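The primary structure of each chain is shown beneath.
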Amino acid sequence: MQLDATDLKILQHLQSDGRMSNQELAEKVFLSPSSCLRRVRMLEESGVIKHYSAVLDTTVLGLEVDAFVQVTMRRDVEQWHENFSQALQSWPEVVGSYIITGDANYLLRVRARNLKHYSAFVLERLYKTTGVLDIRSNIVLQTLKDSSAIAPALLAAE
């Protein structure tokens, strides 16, 4: 889909405040409310806007541990990928999971209340999953940037 400058502005504003009214959004992007709504609906229907959600403050919620975990699987175990993929769907601690290149097979982003909770997750879930060979954890000490927003400059045509 080809996005113009107005579409990019709409996306930028909605990423920073998904609860913004159509009237307010229209004013910010210099469109009539009906034109703005038409564009937003087009962005939704085309799948550019996947869904709307709230961003929760993990500190306020008491989730002290944020970790990135590399998981390497044994390749001699039948259906290791299917089994692992299915298992991680039921783990509430896993907030992101990715198949990656390099030595490991997966990168997980794991949230936990504290180190004890994180340790229990690793020992009782990860290590007990059939096919897991190695786990390497990186505990986040400080977050410098954490955003799912896509910058308009990344989307602009060259």
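Look above for the structure.
Draft legend 1. Inspection of helix 3 (residues 33–45) at higher detail. Here helix 3 contains 13 residues, and its C-alpha end-to-end distance of 18 Å stays within 8% of the 18 Å for a straight helix at 1.5 Å per residue. All of the buried residues along helix 3 are Cys36, Val40 and Leu43. With its buried residues spanning 60 degrees around the axis, helix 3 presents them on a single face. Exposed and facing more than 90 degrees away from the buried side of helix 3 are Arg38 and Glu45. Looking one or two places after helix 3, you find Gly47, whose phi comes out positive at around 90 degrees.

Draft legend 2. Molecular detail of the nonpolar core. In terms of nonpolar packing, the biggest core is built from 21 residues, with Val69, Val71, Phe84, Leu108, Tyr118 and Leu126 touching the most fellow members. Secondary structure elements with two or more residues in this core: strand 1 (65–73), helix 4 (80–88), strand 3 (106–112), helix 5 (115–126) and strand 4 (132–139). Setting aside residues up to four positions removed in sequence, Leu126 forms contacts with Val69, Val71, Phe84, Trp91, Leu108, Phe121, Val132 and Ile135. In this structure, Leu11, Cys36, Leu43 and Ile49 belong to the second largest nonpolar core, which totals 11 residues.

Draft legend 3. Main features of the packing of helix 1 (residues 5–16) against helix 3. At a minimum axis distance of 11 Å, the contact between helix 1 and helix 3 shows a crossing angle of 80 degrees. The angle between helix 1 and helix 3 places the two elements in the roughly perpendicular class. Residues Thr6, Asp7, Ile10, Leu11 and Leu14 of helix 1 touch helix 3, and the partners they reach there are Arg39, Val40, Met42 and Leu43. The residue makeup of the contact of helix 1 with helix 3, split by class, is 6 nonpolar, 1 polar and 2 charged.

Draft legend 4. Quick peek at the pattern of salt bridges. Scanning the model with the defined rule gives 10 salt bridges in all. Put simply, Asp4 and Arg39 hold a salt bridge, and the shortest N to O gap is 2.9 Å. Taken together, the positions of Asp4 in the segment before helix 1 and Arg39 in helix 3 put the pair 35 residues apart, joining distant regions of the chain. Between Arg109 and Asp146 there is a salt bridge, with the nearest N and O atoms lying 3.3 Å from each other. On the criterion of sequence distance, the pair formed by Arg109 in strand 3 and Asp146 in the loop between strand 4 and helix 6 (152–155) is long-range, its members being 37 residues apart. The network of salt bridges with common partners includes Asp66, Arg109, Arg111 and Asp146.

Quick notes on the rules
Residues numbered from 1 in each chain as written. Predicted model: local features only at pLDDT ≥ 70, side-chain atom pairs only at ≥ 80, totals over all residues. Heavy atoms only, no water. Helix = DSSP H or I, 4+ residues; strand = E, 2+ residues; numbered from the N terminus. Expected span 1.5 Å × (residues − 1). Buried < 20%, exposed > 50% of the residue type's maximum accessible area, 1.4 Å probe, protein only. Arc of directions from axis to C-beta. Core = buried A, V, L, I, M, F, W, Y, C linked by side-chain atoms within 4.5 Å. Contact = heavy atoms within 4.5 Å. Axes fitted to C-alpha atoms, helices over the stretch in contact; angles between N-to-C directions. Parallel < 35°, antiparallel > 145°, perpendicular 65-115°, else oblique. Nonpolar A, V, L, I, M, F, W, Y, C, P; charged D, E, K, R; others polar. Salt bridge = Lys/Arg side-chain N within 4 Å of Asp/Glu carboxyl O.

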